[in-house]
Amino acid sequence: MQEPDIHFAVHGTAGLIELDRPKALNAISYDMAVAISAQIQAWSHDNSITHVVIAGSTPRAFCAGGDVRDLYQYIQRSDFDRTRVYFRAEYNADLDIYACSKPVVSLADGIVMGGGAGLMQCSRYRVASETTRFAMPESAIGLFPDAGASIFLGRIPRPFAMFLGLTGQIIGASDLMLLGLADAVVPSAHMAALRTALLGCAPDDIESVIEAQRTDPGPASLQANCTVIDHIFSGDDLAAMRDRAGGLARLKGDEFAAKVHDALATRCPMTMHVFARLMEMDDRIPDMETALALDYGLAMRMSERSDFSDGVRAVLVDKSNDASWSPARLEDVTPALVDAVFDHAGLPALR
């Protein structure tokens, strides 16, 4: 049965998943996540399907993430069972895409954030465009960079992973290519033609079809700030990172460092410490299945904290950006508080 916000179709031997919720920037609802899992599993076992394409219905957005606005009403009533059901559906959709026996291609132009980044990064082929705006912005709402971020950000140089995960900085196609988070860049104006070509090709021709449309994205904007990123995000002390950014901003008038300092000084301290702990666990997170299972436990713990409900209110509901974090400062987050978030005893498993 088709959902109104997501469409499935078969073109020859290719399956198409089209996210079609433009007013919400294709944010993933519970029903959409469940539908994705069911369809991917069905196609994985269907010998007539050779590959799958995931795309948004509009160039404006591939997917802006999970629909946390929808969860807000349940959080307000302390209905945390509903949030558990939602996160299980979202992460299982990611896992099904990652584990799909057929190649999955994501055409990720426009906004690609949070859960949308998870869909993109769990795909075999990740195609961006000059309109792609990629970010893991969870530190603004008191959650944490999830949807397998410990794997896909964990693969890039640590200072850049910390920069993206802590600040929620938006990056474009050239930066995605620099960091290995995209496989090709295709002009947004050519995405429709690429989609048609991919739906009509054999699986062995996917790479050549993408190659025929790809373009040079130009120099990565992050290259201009590599030295600053390396300097700020060295070591393990998050408060020291904030202070180094502030020092550069004051002493050298560095505007980039000033923006980093503002993010580290105003976004959720607990989120940042949870992400930092994830980055320390790379040897204990060997694959996407492990990462998503861990994310599920973390999502249950973090969504029950006041930071998440107030962060969603401040950023997505009231849009006042006045969340009250607890603890309020990076230096006030103790290892014991982070340990409690990582203690998943008694919680249900993802699968």
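Every value quoted in this text rests on a predicted model; they were computed, and no experiment measured them.

A. Highlighting the environment of Glu207. Structurally, Glu207 is set in helix α9 (residues 206-213). It is 46 Å that separates the C-alpha atoms of Glu207 and Val333, two residues lying 126 residues apart in sequence.

B. Up close: the pattern of salt bridges. For the structure shown, the criterion picks out 18 salt bridges. In this structure, Asp67 and Arg21 form a salt bridge, with 2.9 Å as the shortest nitrogen-oxygen distance. With Asp67 in the loop between β4 (61-63) and α2 (68-76) and Arg21 in the loop between β2 (14-19) and α1 (30-44), this pair connects stretches of sequence that are 46 residues apart. As far as burial versus exposure is concerned, Asp67 and Arg21 are alike and both buried. For the salt bridge of Asp318 with Arg313, the shortest nitrogen-to-oxygen distance reads 3.0 Å. The exposure class of Arg313 is buried, given its relative accessible area of 16%. Each of Arg242, Asp243, Arg329, Glu331 and Asp332 takes part in a single network of salt bridges with overlapping partners.

C. Local environment of the layout of surface pockets. One number sums up the size of the largest pocket: a volume of about 1,000 Å³. Lining the largest pocket are 43 residues, and of these Pro137, Ala140, Ile141, Val315 and Leu316 sit closest to its centre. At the level of secondary structure, the elements contributing two or more residues to the lining of the largest pocket comprise α2, α3 (80-99), β6 (111-113), α6 (158-167), α12 (255-266) and α15 (306-317). At five residues, α12 tops the list of elements feeding residues into the lining of the largest pocket. In terms of residue class, the lining of the largest pocket is made up of 21 nonpolar, 10 polar and 12 charged.

D. Fine view of unusual backbone geometry. Each neighbour pair has its own omega, and for Ser326 with Pro327 the value is -5°, a cis peptide bond. Mapped onto the fold, Pro327 is located in the loop between α15 and α16 (335-342). The phi angle at Ala147 is positive, at roughly 55°, despite the residue not being glycine. The topology assignment puts Ala147 in the loop between β8 (133-135) and α5 (149-152).

E. Representation of the pairing of strand β3 (residues 51-56) in the model. Counted residue by residue, β3 has six buried out of six residues, so it is predominantly covered. Side-chain alternation along β3 places His51, Val53 and Ala55 on one buried face and Val52, Ile54 and Gly56 on a second face that is also buried. Each parallel crossover has a hand, and the one from β2 via α1 to β3 is right-handed. Sheet topology places β3 next to strand β5 (residues 104-108); four bridges connect them, and they run parallel. Counted as the bridge partner of Val52 is Val104 from β5.

F. Fine view of the pairing of β2. Of all six residues that make up β2, six are buried, and the element is covered over most of its length. Neither face of β2 is open: one carries Ala14, Leu16 and Glu18, the other Gly15, Ile17 and Leu19, and all of them are buried. Relative to β2, strand β1 (residues 6-11) runs antiparallel, the two being bridged by six bridges. When the sheet's bridge partners are listed, His7 is paired in β2 with Glu18. Here β2 runs beside β3; their pairing, made up of six bridges, is parallel. Following the sheet pairing, Glu18 is matched in β3 by Ala55.

Scoring rules and cut-offs
Residues numbered from 1 in each chain as written. Predicted model: local features only at pLDDT ≥ 70, side-chain atom pairs only at ≥ 80, totals over all residues. Heavy atoms only, no water. Helix = DSSP H or I, 4+ residues; strand = E, 2+ residues; numbered from the N terminus. Salt bridge = Lys/Arg side-chain N within 4 Å of Asp/Glu carboxyl O. Buried < 20%, exposed > 50% of the residue type's maximum accessible area, 1.4 Å probe, protein only. 1 Å grid on protein atoms, 1.4 Å probe; cavity = no way out; pocket = protein on both sides within 12 Å on 5 of 7 lines; lining within 4 Å. Points joined across faces, edges and corners; volume = space filled by probe spheres on them. Nonpolar A, V, L, I, M, F, W, Y, C, P; charged D, E, K, R; others polar. Right-handed = clockwise from strand over helix to strand, strands pointing away. Pairing = 2+ DSSP bridges.

All quantities given are derived from atomic positions and should not be read as evidence of function.
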